[in-house]
Amino acid sequence: MKKLYILSLVLSITFGFAQTNLKKADALFRNYSYADASKAYEECLQNIKNPSAQTIKNAADSYYFISDARNALKWYKKLYEVQGNNLTDIYYLRYIQSMKAVMDYDDADRITKEYLNKKGDQKEINRYVAQKKQLDSLAKAKSLYEIKNLDINTSKSDFGATFYLDKIVFTSARDTTRFGEKLYNWNNQPFLNLYVAERNPADGSLFNEKLFIPNVMTKYHEATASFDASGKTMYYSSNIIKKNKLVIDENKINNFQILKGSLVNGKLENPQKVFFDNDDYSVGHPSLSDDGRWLFFASDMPGGYGETDLYVVKIAEDGTMSSPQNLGPKINTIGNDLFPFFRNGILYFSSDGHYGLGDLDVYESTFLSDGTFSAPRNLGAPINSNKDDFTFVIDKTGTYGYVSSNRAGGKGDDDIYSFTKALPTCNQNISGKATDRKSKLPLTDVTVVAYNSYNDILAETKTNFEGKYVVTVPCNKSVRLVATKMNYSNDEKTVETTKENEIDITNVDFELSNYDDLVIKKKGVEKVDVNPIYFDYNKHDITPAAAEELAKVVFIMRKFPNIRIKIESHTDSRGKDSYNLKLSDERAKSTRDYIVLQGIDASRIESAIGYGESRLINKCKNGVKCTEEEHLLNRRSDFIIIQK
């Protein structure tokens with residue numbers, strides 16, 4: 001699509017090639033006859049041993065402007081050998097884009113880094129790093145888009161499909177060889193006209209195409225139309241013409257203008273220039289916002305950031321337009337930024353200055369509440385390719401649309417592709433750390449599983465050597481996270497994800513207890529490690545102190561859901577044997593009931609039995625004088641683990 005990069009038109013005489021020489025090649029180049037100039041330079045350079053840098057530039061540019069990247073790269077590489085780091089910004093860009101166009105991506109990245117280092121602009125370096133990371137990430141994910149080449153395409157240039165009520169208006173060079181078979185000398189194709197076609201909602205195909213608004217079509221270019229929601233107001237690009245003749249400036253350039261008119265009964269009435277049209281520079285590619293309040297366009301007017309920049313004017317209710325406002329360096333680059341389309345708060349546009357797959361790529365940028373736009377994001381393949389991809393439009397539901405491209409496999413110079421877009425997958429990342437509850441040290445190889453409300457597994461991972469983990473889960477869900485490790489207690493957290501895509505939920509941490517830190521082992525028997533549980537004299541009610549110790553039993557049973565226990569309660573020898581037996585049994589069963597009330601399944605407690613003074617662990621039986629401390633050793637409750 002290089003023919004509309006400059007948004008200008010030059011008519012020239014045709015030179016013969018019987019005795020081609022450098023002067024004739026230069027003359028063709030100056031007259032923008034790039035298709036013929038490329039052949040002329042190729043022929044004469046075979047006989048020039050040390051061509052000038054300017055001649056090499058012209059040869060490379062001749063191929064570049066007709067999208068012959070392979071041959072353009074040959075001469076840009078030669079220019080790089082001659083000039084090295086003295087290449088200007090725009091020639092670095094064209095050299096890099098030509099490498100990408102033939103898919104030499106490693107070389108392109110190497111030269112890009114060299115160029116950025118030479119400039120020393122950290123903001124540009126940061127943008128390159130961020131955009132490359134975004135595009136690399138996009139390449140690893142399944143695309144939301146599916147595209148299809150349309151049967152309506154011809155061997156000529158077809159592009160720029162846009163919505164017009166329930167129809168599609170597009171730009172084509174298919175049938176404009178009238179007026180004495182006049183061709184556009186840039187690429188030797190017919191001039192462009194606007195066509196209208198019916199759209200098949202089932203598959204997005206176009207049919208029954210015919211000339212659109214033939215009453216105002218000229219013998220030169222009419223292209224890239226935009227309409228208001230009612231279909232009654234139209235903006236489009238056209239060559240600047242006065243009295244049916246092109247207006248040519250001192251550089252033999254005819255610039256583009258934007259015309260506005262009213263559509264009545266299939267005809268355009270009273271087409272008028274917009275006030276910012278100018279004979280000395282081009283404005284084109286108009287795109288009206290859905291509410292009719294903003295008109296976006298491209299221009300090479302003075303004061304921009306690159307070859308072609310994007311601008312916007314605000315439109316008042318009475319039709320008054322504000323002064324054009326450049327969209328700024330976040331959107332615009334040193335290269336070409338073109339073909340804007342604004343819908344649902346998102347600006348879509350094409351650029352060869354942002355990091356992409358090659359030549360023009362389509363980007364999206366969100367309009368923010370502060371009146372600025374977000375950093376552009378590449379739409380990735382299959383919308384973008386290593387060739388020119390442009391004039392992206394999408395319907396209000398965000399599910400289908402059209403894009404143009406001159407990629408390999410098409411039918412002509414530029415082709416129109418329909419696309420469908422699936423609903424985006426909304427995911428969020430939950431991250432945190434697992435540590436040992438006692439030592440506070442990180443735990444590696446802890447399994448973290450995320451479940452939805454139906455206990456379906458959403459994601460699963462393991463902690464790394466730092467005890468850290470990350471899981472990706474769907475948006476707007478209640479997510480239960482369970483952390484487990486062999487010989488450790490489990491831990492569980494519930495997280496409510498939000499509706500916003502790619503949000504990071506951090507510091508969802510887990511503490512796991514080592515089984516060996518919670519039990520004591522003696523003579524082959526494992527017991528829950530608790531301090532002695534005291535009851536008030538002659539009572540079996542659970543005291544606050546007892547509850548604190550029983551919490552340890554509840555904790556280990558919750559954290560190790562396979563554990564089963566039996567409870568044994570004992571007294572010292574003081575008091576009657578029968579009374580002690582009854583009291584200890586009541587205390588054992590009271591202890592069991594308390595544990596069950598904390599949510600532990602009763603089936604996990606095999607028994608709760610009091611043994612009175614029948615199982616003393618020291619000499620302090622009846623009639624033996626002992627200290628209080630010695631008697632205390634016999635007043636105990638044991639929580640014996642019988643299954644784990």
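Residues numbered from 1 in each chain as written. Predicted model: local features only at pLDDT ≥ 70, side-chain atom pairs only at ≥ 80, totals over all residues. Heavy atoms only, no water.

Draft legend 1. Broad picture of the pairing of strand β15 (residues 283-288). Across the 6 residues that make up β15, a large majority, 6, are buried. Note: β15 against strand β16 (residues 294-299), 4 bridges, orientation antiparallel. Its bridge partner lying in β16, Gly284 is registered against Ala298. Where β15 folds back on β16, the antiparallel hairpin that results is connected by 5 residues, among which Gly292 adopts a positive phi of roughly 75 degrees. (Buried < 20%, exposed > 50% of the residue type's maximum accessible area, 1.4 Å probe, protein only. Helix = DSSP H or I, 4+ residues; strand = E, 2+ residues; numbered from the N terminus. Pairing = 2+ DSSP bridges.)

Draft legend 2. Focus on the layout of surface pockets. The calculated volume of the largest pocket comes to roughly 1,500 Å³. What lines the largest pocket is a set of 40 residues, among which Leu138, Leu144, Arg377, Asn501 and Glu502 lie closest to the centre. For the lining of the largest pocket, the elements supplying multiple residues, two or more each, are α7 (122-140), β2 (145-149), β21 (361-366), β22 (377-378), β25 (415-421) and β26 (427-436). The biggest single contributor to the lining of the largest pocket is α7, with 7 residues. Looking at the lining of the largest pocket residue by residue, the class counts come to 16 nonpolar, 13 polar and 11 charged. (1 Å grid on protein atoms, 1.4 Å probe; cavity = no way out; pocket = protein on both sides within 12 Å on 5 of 7 lines; lining within 4 Å. Points joined across faces, edges and corners; volume = space filled by probe spheres on them. Nonpolar A, V, L, I, M, F, W, Y, C, P; charged D, E, K, R; others polar.)

Draft legend 3. Expanded view of the side chain of Glu222. Structurally, Glu222 can be placed in strand β9 (residues 222-227). Not counting residues up to four positions away in its chain, the partners in contact with Glu222 are Thr171, Leu192, Asn193, Leu194, Val216, Met217, Tyr236, Ser237 and Ser238. (Contact = heavy atoms within 4.5 Å.)

Draft legend 4. Representation of the sheet that holds strand β7 (residues 193-199) within the structure. Read across the open sheet, the 4 strands follow the order β3-β4-β7-β8; overall the sheet is antiparallel. The open sheet has two edge strands, β3 (158-164) and β8 (206-211), and neither has a second partner. The mean angle between the axes of side-by-side strands here comes to 30 degrees, regardless of whether they run parallel or antiparallel. Here β7 pairs with β8 via 4 bridges, running antiparallel. (Axes fitted to C-alpha atoms, helices over the stretch in contact; angles between N-to-C directions.)

Draft legend 5. Region of the structure containing the packing of aromatic side chains. Counted under the stated rule, the structure contains 35 aromatic pairs. Both rings, one in Tyr80 and one in Tyr95, keep their centres 5.2 Å apart while their planes meet at 35 degrees; by these two values the pair is tilted. Placement of the pair is Tyr80 in helix α4 (residues 69-83) and Tyr95 in helix α5 (residues 89-101), with a sequence separation of 15 residues. In terms of burial, Tyr80 and Tyr95 fall into one category: buried. Ring geometry for Trp294 against Phe367: centres 4.7 Å apart, planes inclined by 75 degrees, an arrangement best described as edge-to-face. Of this pair, Trp294 sits in strand β16 while Phe367 sits in the loop between β21 and β22, placing them 73 residues apart in sequence. A relative accessible area of 17% places Trp294 in the buried class. Pairwise contacts between aromatic rings join Phe29, Tyr34, Tyr41, Tyr64, Phe65, Tyr76 and Tyr91 into one cluster. Over the ring of Phe555 we find Arg437; its NZ or CZ atom is 4.4 Å from the centre of that ring. (Phe/Tyr/Trp six-rings, centres within 6.5 Å; stacked < 30°, edge-to-face > 60°. Lys NZ or Arg CZ within 6 Å of the ring centre and 35° of its normal.)

Draft legend 6. Structural detail: the state of the cysteines. Throughout the structure, instances matching the rule amount to 2 disulfides. Bridging Cys620 to Cys626, the disulfide has an S-S length of 2.1 Å. Note on the Cys620 and Cys626 pair: the S-S dihedral is about -105 degrees, so by sign convention the disulfide is left-handed. The pair formed by Cys620 and Cys626 is uniform in burial state, with each residue classed as buried. Cysteine pairing in the protein chain follows 1-2, 3-4, where each cysteine in a disulfide is numbered by its order in the sequence. (Disulfide = S-S within 2.5 Å.)

Draft legend 7. Broad picture of the pattern of salt bridges. For the coordinates displayed, the defined rule picks out 30 salt bridges. Measuring nitrogen to oxygen at the nearest pair gives 3.7 Å for the salt bridge that ties Asp166 to Lys167. In this structure Asp166 comes out as exposed when scored by relative accessible area, which is 58%. Of the charged contacts, one joins Glu209 and Arg174 as a salt bridge, the two residues approaching to 3.3 Å between their closest N and O atoms. Taken together, the residues Glu209 in strand β8 and Arg174 in the loop between β4 (167-172) and α8 (178-181) connect sequence positions 35 residues apart. Relative accessible area serves as the criterion here: at 35%, Glu209 is assigned to the partly exposed category. Residue classification places Arg174 among the buried residues on the basis of a relative accessible area of 17%. Each of the salt bridges in this network shares a partner with another, and the network as a whole consists of Asp516, Lys521, Glu526 and Lys644. (Salt bridge = Lys/Arg side-chain N within 4 Å of Asp/Glu carboxyl O.)

Draft legend 8. Here's a closer look at α7. Under the 1.5 Å per step criterion, the end-to-end length of α7 is 27 Å for 19 residues, consistent within 8% with the ideal 27 Å. Buried within α7 we find Ile125, Arg127, Tyr128, Gln131, Gln134 and Leu135. Contacts made by the buried residues of α7 are with α6 (105-119) and β22. With a side-chain oxygen positioned 3.0 Å from the backbone nitrogen of Lys123, the residue opening α7 is Asp121. (Expected span 1.5 Å × (residues − 1). Polar contact = N/O pair within 3.5 Å; in protein donor to acceptor, adjacent residues only side chain to side chain.)

Draft legend 9. Examining helix α10 (residues 577-597) more closely. The terminal C-alpha atoms of α10 lie 30 Å apart, and with 21 residues this matches the ideal 30 Å at 1.5 Å per residue to within 8%. Every buried residue of α10 is listed here: Asn580, Leu583, Ser584, Arg587, Ala588, Ser590, Thr591 and Ile595. On an axial view of α10, the arc spanned by its buried residues comes to 165 degrees, and they lie on one face. Of the residues in α10, the exposed ones pointing more than 90 degrees away from the buried face are Ser578, Lys582 and Leu597. Looking at the packing, one finds that the buried side of α10 touches α9 (544-559), β36 (564-569), β37 (605-610) and β38 (637-643). Just past α10, the residue Gly599 takes up positive phi, approximately 100 degrees. (Arc of directions from axis to C-beta.)

Draft legend 10. Region of the structure containing the sheet that holds strand β31 (residues 491-496). Ordered by their spatial adjacency, 4 strands build an open sheet running β28-β27-β30-β31, and the pairing between neighbours is antiparallel. The sheet terminates laterally at β28 (457-462) and β31, the two strands that pair on one side only. When the angles between neighbouring strand axes are averaged without regard to direction, this sheet yields 20 degrees. Sheet topology note: the strand β27 (residues 447-451)/strand β30 (residues 478-484) ladder contains 5 bridges and is antiparallel. In the strand pairing of β30, Tyr451 is matched with Arg480.

Draft legend 11. Seen up close, the confidence of the model for the protein chain. Looking at the protein chain as a whole, its pLDDT mean stands at 87, while 92% of the residues score no less than 70. When pLDDT is averaged over each helix and strand of the protein chain, the minimum, 45, is found for α8 and the maximum, 97, for β27. Contacts from residues 9-19, a stretch scored under 50 in pLDDT, to residues over four places away or in other chains number 33 contacts. Segment residues 179-184: pLDDT under 50, and 19 contacts once partners within four positions in sequence are set aside and those in other chains are kept. (pLDDT = per-residue confidence, 0-100.)

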